[in-house]
Amino acid sequence: MAQHTARRHRVAVLIRPGFIPFELGIPHRIFGIARDAELRPLYDVVTCTPGGPGLVRSDSDVLVQVEHGPEVLETADTVVVPASHTSGPDGTDPAVGDPVLEPELAAALTRIRPGARLMSICTGAFVLAAAGLLDGRPATTHWMESGRFRQLYPRVDLDPNVLYTDDGDVLTSAGVASGVDLCLHVVRRDHGTAIAQDVARRTVVPPHRDGGQAQFIRRPVVAGPTLGPGAGPGSDGVPDAQGRGAGTAATRAWALDRLDEPLTLTAMARHAAMSVRTFTRRFRDETGESPAQWLTRQRVEHARTLLETTVLPVEQVARRCGFGTAQSLRAHVQAALGVTPSAYRRTFRRAA
């Protein structure tokens, strides 16, 4: 019988001070337990640091003795860059606030061999972007940092709504646990569905999660500010006897109390004592959305609250949100959150 001598695919996890232990554990767990039909390991997973071997402190009281320095990147087939939470703005990854990488980290990245696959977890995407490795490519990161990412790296095609992106040799994942989704996706891509599902079963996680980050982003249902003095033609910002001013905030507040009603554009404009054309223009000026877009978003947010906090049937949720039918609710929730109402409820339903 021929001896199995093929070199295993080497995965190098590049960590920095302030690394998150969970994120370090994800590639070690997912890739580390992947086996072929003869139960042989499919990956060789190692940890390295830009500064060389030694103790590395995490974002908690955990210290890890790392045996490899940046030289291991020269032999890696895949390099994973997790986030680091230490001295950065608001305690986030230092790379989040500074588009110029630390010299030691920048030098380490140059040691990655040509053709190696690059992956990031959470705000590790900022490191790849700062190195110019994401320019012109699709990418994602934690949704809370998407605004800063777009500001720093406008040449990257950022999608903050997905759990991960795959552009062949460069892959990125969203916040923290989505690193599990990405690593399982890579195992599936490398070795097929059966092996990926076996890894998922052994890790006790779903082999594939529905939807993306959109379902985790909470957008508050608020009426919004009124126009201030002089903010609009002929406006003094003073409400009339019915509480209506030159802006549309009072009408938005009125509409939020009546989400279960039809709420036509004509009815909203009438409440604001404006023509439909003027109301639509001022509404967009104040909110950045059309009345229809704003109303749909508020109804979806109300549906999320009901799905999380009640056991109402989907049909009743639809009626209370103004969508009318369960079919309409499903269509709008799927479009906004990437999952069905039932799937959303299973994920976020609060215990009674």
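Conventions used here
- Residues numbered from 1 in each chain as written.
- Predicted model: local features only at pLDDT ≥ 70, side-chain atom pairs only at ≥ 80, totals over all residues.
- Heavy atoms only, no water.
- Pairing = 2+ DSSP bridges.
- Helix = DSSP H or I, 4+ residues; strand = E, 2+ residues; numbered from the N terminus.
- Buried < 20%, exposed > 50% of the residue type's maximum accessible area, 1.4 Å probe, protein only.
- Axes fitted to C-alpha atoms, helices over the stretch in contact; angles between N-to-C directions.
- Parallel < 35°, antiparallel > 145°, perpendicular 65-115°, else oblique.
- Contact = heavy atoms within 4.5 Å.
- Salt bridge = Lys/Arg side-chain N within 4 Å of Asp/Glu carboxyl O.
- Phe/Tyr/Trp six-rings, centres within 6.5 Å; stacked < 30°, edge-to-face > 60°.

Draft legend 1. Seen up close, the pairing of strand β4 (residues 63-66). Relative to β4, strand β3 (residues 54-57) runs antiparallel, the two sharing four bridges. Bridge pairing in β4 places Val56 opposite Val64. Between β3 and β4, which follow one another and run antiparallel, lie five residues.

Draft legend 2. Highlighting unusual backbone geometry. Positive phi, normally seen in glycine, also occurs at Leu39, with a value near 65 degrees. The residue Leu39 is located in the loop between α1 (21-32) and β2 (43-48) in this model. On the basis of relative accessibility, which here comes to 65%, the residue Leu39 falls in the exposed class. For Val176, which is not glycine, the phi torsion reads 40 degrees and is therefore positive. Note that Val176 resides in the loop between β10 (170-173) and α6 (178-191).

Draft legend 3. Representation of the packing of helix α12 (residues 314-321) against helix α13 (residues 326-337) in the model. Direction vectors running N to C along α12 and α13 enclose 75 degrees, while the axes themselves pass 8 Å from each other. Our classification of the angle between α12 and α13 gives roughly perpendicular. Taken together, the residues of α13 that come into contact with α12 (itself represented by Val314, Glu315, Val317 and Ala318) are Ala326, Leu329 and Arg330.

Draft legend 4. Representation of the pattern of salt bridges. Inspection of every chain in the model, using the stated rule, returns 16 salt bridges. Note that Arg304 and Glu301 form a salt bridge whose closest N and O atoms lie 3.2 Å from each other. Of this pair, Arg304 and Glu301 are both found in helix α11 (residues 291-309), three residues apart, which corresponds to roughly one turn of the helix. In this pair, the class of Arg304 matches that of Glu301, namely buried.

Draft legend 5. Seen up close, the packing of aromatic side chains. As enumerated under the stated definition, the model contains six aromatic pairs in all. A ring pair is formed by Phe126 and Tyr153, whose centres lie 6.2 Å apart and whose planes are at 70 degrees; its orientation type is edge-to-face. You can see Phe126 sitting in helix α4 (residues 124-130) and its partner Tyr153 sitting in the loop between α5 (146-152) and β8 (157-158), a full 27 residues away along the chain. The two residues Phe126 and Tyr153 agree in class, both being buried.

Draft legend 6. Representation of the sheet that holds β10 in the model. Across the sheet, six strands lie side by side as β2-β1-β5-β6-β10-β9; this open sheet has mixed pairing. One side of each edge strand has no neighbouring strand; the edge strands of this open sheet are β2 and β9 (164-166). Direction aside, the axes of adjacent strands within the sheet are offset by 15 degrees on average. As paired strands, strand β1 (residues 9-14) and strand β5 (residues 78-81) are joined by three bridges and run parallel to one another. The residue bridging Ala12 from the neighbouring strand is Val79, located in β5. Contacting β1, β2, β5 and β6 (117-120), α1 runs over the sheet at an angle of about 165 degrees to β2. Relative to β10, α6 is tilted by about 150 degrees, and along the sheet it contacts β2, β6, β9 and β10.

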